[in-house]
Amino acid sequence: MSEAAANQASESYLSSGWRIRDWLLTTDHKRVAWLYTISITAFFFLGGLAALVIRLELMTPDGDVVSADAYNQLFTIHGVVMVWFFLIPSIPNTLGNFLLPLMVGAKDLAFPKLNLISWYIYTVGGLFTIAAVITSGVDTGWTFYTPYSTQFADRAVVAALTGVFVVGFSSIATGINFIVTTHKMRAPGLTWFRLPLFVWANYATSLVMVLATPVLSATLILLILERMMGIGIFDPALGGDPILFQHLFWFYSHPAVYIMILPGMGVVSELITCFSRKTVFGYHGMALSILAISVFGFLVWGHHMFVSGQSLYAGLMFSLFSFFVALPSAIKTFNWTATLYKGKLIFSAVMIYALSFVGLFTIGGFTGIFLASLAVDVHVHDTYFVVAHFHYIMVGSMVTAYIGGLHFWWPKMTGRMYPELWAKVAALALFIGFNLTFFPQYLMGYAGMPRRYQTYPEDFQILHVMSSLGAGVLAIGYLLPLVYLLWSLRWGKRAPPNPWRAAGLEWRTDSPPPKHNFLEPQTVTGPPYDYDTIDNK
Amino acid sequence: MTTTPSTTSKAVPDEQFDDLTQQRQAVLMGMWIFLATELMLFGGIFTAFTVYRFAYPDVFAEAATHLDLKLGTLNTVLLVTSSLFMALAERAVNAERRRLTLTFLLVTISIGVIFLGIKGYEWHHEYTEKLMPILGLEFIYPGANPDRAEMFFNFYYVLTGLHAVHMSMGLVMLTVLVVFTMRWRDPPRLGRQIQINGLYWAFVDVVWVFIFTTQYLLRA
């Protein structure tokens, strides 16, 4: 590369240094984003593999592929890996890590070393947990409910808990980094209401990470102490209350649902405006509803416990607050739709991902309202209805947004274009495969098929087979991007700085960007998503 | 510390920042947010304690009388005093007074160590009284409802133990600061480091005040 030789400052972050320590000891947020991307992808496919074995087992009503214990361990592996090591870090630590400094016009995150350390904590903690879960018989599910986890389950549960506890520090480190960067390192002229919605989404996510994760840490410490040292805070023999564990656990783990979905909402807002060639409809409403979701998210944890024996009044309040979350979520959905209205829509692969997100999120959100209603929840609690609901949000929405975002910013991250046709095929496979997998689960859940069961009555078989076949299609939808994105690294067309003619500071710099992101300091003079101006140039 | 230390104090910010003011503000804000996370960590456990304190008010109030109020009070006084010296150290480093900074830091550390010593003595005392229901040790409680009282002691050990862990981490960091002060290479940077560590130390101090109140003072 002759231009790189000409000036070291303009050299891309990818071309400067390929010794091992240039990557493993890097403090460049863009390289740390890649480290995270590699770890997270590995965890994702591991969790997916467990899901495939589960779906294979459920093809027939009897338990014939794996033993009952192995089945319990499989859904534990699937849940632990997907929730703790994929969904929670996914968008913030990959796309967020890469894009947040670029989008605010900064040279790096506020604490680059902390950022690198967070990756080590995450990876080591994650591997430790996986090793503990796989080599032993941890079968608690991802929620570690007491008294099962403290008095009955395999002792290795302590190791699994320790790993999850350690990974919490990486969440907290990321949260602190993002909040401080957003507050203190914005380019001149980049006021709060000129920030891209992706930044708002990551900011709100970070607030939740910082305020909720420590409560989980405290809860896990108490569990570990009960198991290791006999300090039985949740021990009924001492007048302790196992339900208290559920309260503390869901105080973190419900807001954690918003840790998972808010960044996806941020991604999709960027994609839809770009491929509608229109500014986002109701920008202020979009930004404020992101914040509203993160605040309301702290007040609804009890809706996981409607049948746990909490008081009816508590149940009523939690039900009411859960309905409140639907308001900002609906504002967002309507605004995405209104952004499409009279836009010059471009049905690229990225747009297909974005539209899939909106449709699947709507279905997942609506069924969430069913579950927030006290009486309906008593009927469908712990059935496949719940499983289908949260997979529509966590997989249908969140993973789709993640992969869509990965495509959208792929040229920026790698400097290469991916094959558009294959991307469209993958996007459609994902949408079809996902619905085929999870829509039947609503039906069987409503008809009474309980969660976590290895065997089931024959009446459910047709729906289970549909679901399993869908999982196969879905797997193709996930494997295809893995193949062609890797292919594009070497053979893909070189990407210009702004292949989508998108708004946003990150598109003003080269693809891939130089080490300090911009060759000159950036200033911002106008509102975000000014697509009228861009297209009329 | 990526930059090579130099003997002259330099006014260059780390590479990701535009200027030193931005860096100072960012570092301070980061520390405050970290303290917010610490607050939530202890908050979760205090919440659990509050639930049981309301569920078994009489037993918990009675159980609290088995703690040593005198030593607890002494420790409270010691810890608040150590925070005073920590604040003085911050003043001294900003005035570029090396020896004074060093003295104040060492006094802070000494008081912290004495605090942990007294805490350890208390634990040992409770161990000999058979009031330590951990690791399968025998728990012989002289009052009524020994099982509920055991729950009180569970919280007592969790809270004081977690606090002691935080104290120890603070002491390690203060020791590192002592080394930096002896080297005296970049006083403005050292000033920032002492400031954020001072925030942490004050936080640990405040947490102790809450532990002292809920464990020692709420007694029958």
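The structure presented is a predicted model; accordingly, all values stated were derived computationally and were not measured.

Undergrad: Let's hear about the overall build of chain B: which residues, and what values?
TA: From N to C terminus, chain B includes six helices and zero strands. Expressed along its principal axes, the backbone C-alpha trace of chain B runs to roughly 65 × 30 × 30 Å. When burial is assessed residue by residue, chain B has 50% of its 220 residues classed as buried. For chain B, contacts bridging at least 24 residues in sequence account for 79% of all contacts bridging at least 6. A total accessible area of about 10,300 Å² is found for chain B, and carbon and sulfur atoms account for 66% of it. Taking the 16 positively charged and 18 negatively charged side chains of chain B as two groups, their mean positions are separated by 10 Å.

Undergrad: Give me the lowdown on the overall build of chain A, citing residues and values where you can.
TA: A count of helices and strands for chain A gives 18 helices and zero strands. Relative to the globule expectation of 24 Å for 537 residues, the C-alpha radius of gyration of chain A, 23 Å, shows essentially globular dimensions. Overall size of chain A, expressed as C-alpha extent along the three principal axes, is 70 × 50 × 45 Å. Looking at chain A as a whole, 62% of its 537 residues qualify as buried. Counting only carbon and sulfur atoms, one obtains 70% of the accessible surface of chain A, whose full area is about 19,800 Å². Charged side chains in chain A number 29 positive and 26 negative. The centres of these two groups are separated by 15 Å.

Undergrad: Lay out the packing of helix α10 (residues 242-276) of chain A against helix α13 (residues 349-372) of chain A in plain terms, naming residues and giving numbers.
TA: Helix packing for two helices is described by the angle between their axes and how far apart those axes are. Residues and elements named next belong to chain A. One can describe the packing of α10 onto α13 by two numbers: an axis separation of 9 Å at closest approach and a directional angle of 130°. Considering their axes alone, α10 and α13 lie oblique with respect to each other. Along this stretch, α10 crosses α13, giving a crossing that reads as left-handed. Note on element contacts: α13 touches α10 through V350, M351, A354, F357, V358 and F361, opposite I261, G264, M265, V268, L271, I272, F275 and S276. Of the residues that constitute the contact of α10 with α13, the class distribution is twelve nonpolar, two polar and no charged.

Undergrad: Describe the UniProt feature "domain: Cytochrome oxidase subunit I profile" (unreviewed entry) in chain A, with residues and values.
TA: Within the UniProt annotation, "domain: Cytochrome oxidase subunit I profile" (unreviewed entry) is assigned to residues 23-525 of chain A. End C-alpha to end C-alpha, residues 23-525 of chain A measures 36 Å, and it is 70% helix and 0% strand.

Undergrad: So, the packing of aromatic side chains: which residues are in play, and what are the values?
TA: Taken as a whole and judged by the stated rule, the model has 70 aromatic pairs over all chains. Taking 5.6 Å as the distance between ring centres and 80° as the angle between the ring planes, the aromatic pair formed by B:F49 and B:F155 counts as edge-to-face. With B:F49 in helix α1 (residues 20-55) and B:F155 in helix α5 (residues 146-183), this residue pair connects regions lying 106 residues apart in the sequence. Here A:R31 stacks its cationic end above the ring of A:W23, 4.2 Å away from the centre of that ring. Geometry around A:W491 places A:R490 over its ring, the cationic atom sitting 5.7 Å from the centre.

Undergrad: Explain the confidence of the model for chain A residue by residue, including any values.
TA: Confidence in the prediction of chain A, expressed as mean pLDDT, is 94, and 98% of residues score 70 or more. This stretch, residues 1-6 of chain A, has a pLDDT under 50; its non-local contacts, to residues over four places away or in other chains, come to three contacts.

Undergrad: Talk me through a negative patch on the surface; I want residue IDs and the actual numbers.
TA: Together, A:D62, A:D64, A:E458 and A:D459 give the surface a local cluster of negative charge. Within the fold, A:D459 resides in the loop between α16 (420-446) and α17 (461-491).

Undergrad: Please provide a residue-by-residue account of the confidence of the model for chain B, values included.
TA: Across chain B, the average pLDDT comes to 92, with 95% of residues at 70 or higher. Within the model, the stretch residues 1-9 of chain B combines pLDDT values under 50 with 13 contacts to residues more than four positions away or in other chains.

Undergrad: Residue-level account of a nonpolar patch on the surface, with values.
TA: Together, A:L479, A:L482, A:V483, A:L486 and A:L489 line one region of the surface with nonpolar side chains, adding up to about 430 Å² of accessible area. Locating A:V483 in the fold gives a position in helix α17.

Undergrad: Could you give me a rundown of the UniProt feature "transmembrane region" (unreviewed entry) in chain B, with the residues and numbers involved?
TA: All names here are of chain B. The feature "transmembrane region" (unreviewed entry), as given by UniProt, occupies residues 26-49, 69-88, 100-118, 155-179 and 199-218 in the numbering adopted here. Its end C-alpha atoms 35 Å apart, residues 26-49 is made of 100% helix and 0% strand. Between the end C-alpha atoms of residues 199-218 there is a gap of 28 Å, over a span that is 95% helix and 0% strand.

Undergrad: I'd like a description of the pattern of salt bridges, backed by residues and values.
TA: What the rule picks out here adds up to eleven salt bridges over all chains. Residue B:D18 pairs with A:K107 through a salt bridge whose shortest N-O separation is 3.8 Å. In this pair, B:D18 is assigned in the segment before α1 and A:K107 in the loop between α5 (90-103) and α6 (112-135), connecting two distinct chains. Among the ionic pairs, A:D382 bridges to A:R452, the shortest N-O distance being 3.6 Å. You can see A:D382 sitting in the loop between α14 (374-380) and α15 (384-414) and its partner A:R452 sitting in the loop between α16 and α17, a full 70 residues away along the chain. Salt bridges sharing partners connect three or more residues here, namely A:R277, A:R501 and A:D535.

Undergrad: Any chance you could break down the interface of chain A and chain B for me, citing the residues and the numbers?
TA: Counting residues at the interface gives 42 residues for chain A and 35 residues for chain B. Between chain A and chain B lies a buried interface of about 3,100 Å² when both sides are counted; carbon and sulfur atoms form 72% of it. Seen at the junction of chain A and chain B, the total is one salt bridge. On inspection of chain A and its partner chain B, the count reaches eight residue pairs in polar contact (both at pLDDT 80 or more). Elements with a minimum of two residues in the side of chain A that touches chain B: α6, α8 (157-184), α9 (197-229) and α10 of chain A. Class assignment for the residues of the side of chain A that touches chain B results in 27 nonpolar, eight polar and seven charged.

Undergrad: Can you explain helix α3 (residues 69-94) of chain B? Please cite residues and give values.
TA: Three- or four-residue spacings in an α-helix give side chains the same orientation, since the helix completes a turn every 3.6 residues. Residues and elements named next belong to chain B. With 26 residues, α3 extends 38 Å from end C-alpha to end C-alpha; this agrees with the ideal 38 Å at 1.5 Å per step. Where α3 is buried, its residues touch α4 (98-128), α5 and α6 (187-217). The N-cap of α3, judged by a side-chain oxygen 3.2 Å from the amide nitrogen of K70 a few residues on, is D68. At the C-terminal side of α3, E96 shows a positive phi close to 60°.

Undergrad: An account of unusual backbone geometry is requested, with residue identities and associated values reported.
TA: All names here are of chain A. Residues T146 and P147 are joined by a peptide bond in cis, for which omega reads -5°. Along the chain, P147 falls in the loop between α6 and α7 (148-152). The linkage connecting S511 with the following residue, P512, adopts the cis geometry, with an omega of -10°. Residue placement: P512 occurs in the loop between α17 and α18 (531-536).

Undergrad: Which residues make up the nonpolar core, and what values go with them?
TA: Of all hydrophobic cores here, the largest spans 244 residues; its most connected members are A:W84, A:L95, A:F144, A:F408, A:W409 and B:F153. The dominant element in this core, judged by the number of residues it contributes, is α10(A), at 21 residues. Beyond its immediate stretch of four places on either side in the chain, A:L95 contacts A:S90, A:L100, A:F198, A:V267, A:Y402, A:G405, A:L406, A:W409 and A:M413.

Undergrad: Pulling in residues and values, what's your account of the side chain of A:D22?
TA: All names here are of chain A. Tracing the chain through its elements places D22 in helix α2 (residues 20-24). For D22, a relative accessible area of 17% puts it in the buried group. Sequence-distant contacts of D22, defined by excluding residues within four places in its chain, comprise G17 and R31.

Undergrad: Run through the environment of A:S253, naming residues and quoting values.
TA: Residues and elements named next belong to chain A. Here S253 lies in helix α10. When its relative accessible area of 1% is taken as the criterion, S253 is described as buried. Taking the C-alpha atoms as reference points, S253 and L216, 37 residues apart in sequence, are found 7.7 Å from one another. The contact partners of S253, leaving out residues within four places of it in the chain, are W84 and W142.

About the criteria used
Residues numbered from 1 in each chain as written. Chains lettered and ligands numbered in written order. Predicted model: local features only at pLDDT ≥ 70, side-chain atom pairs only at ≥ 80, totals over all residues. Heavy atoms only, no water. Helix = DSSP H or I, 4+ residues; strand = E, 2+ residues; numbered from the N terminus. Buried < 20%, exposed > 50% of the residue type's maximum accessible area, 1.4 Å probe, protein only. Contact = heavy atoms within 4.5 Å. Areas by Shrake-Rupley, 256 points an atom, 1.4 Å probe, with all protein chains shown as cover. Lys, Arg positive; Asp, Glu negative; His and termini not counted. Charge placed at Lys NZ, Arg CZ, Asp CG, Glu CD. Rg over C-alpha atoms; globule rule 2.2 N^0.38 Å. Axes fitted to C-alpha atoms, helices over the stretch in contact; angles between N-to-C directions. Parallel < 35°, antiparallel > 145°, perpendicular 65-115°, else oblique. Left-handed = near helix turned anticlockwise from the far one by under 90°. Nonpolar A, V, L, I, M, F, W, Y, C, P; charged D, E, K, R; others polar. UniProt positions renumbered as here; feature names shortened; annotations may be inferred. Phe/Tyr/Trp six-rings, centres within 6.5 Å; stacked < 30°, edge-to-face > 60°. Lys NZ or Arg CZ within 6 Å of the ring centre and 35° of its normal. pLDDT = per-residue confidence, 0-100. Patch = residues over 30% accessible without salt bridge, like charges linked within 9 Å, V, L, I, M, F, W, Y side chains within 5 Å. Salt bridge = Lys/Arg side-chain N within 4 Å of Asp/Glu carboxyl O. Buried area = accessible area lost by both parts, 1.4 Å probe. Polar contact = N/O pair within 3.5 Å; in protein donor to acceptor, adjacent residues only side chain to side chain. Expected span 1.5 Å × (residues − 1). Core = buried A, V, L, I, M, F, W, Y, C linked by side-chain atoms within 4.5 Å.

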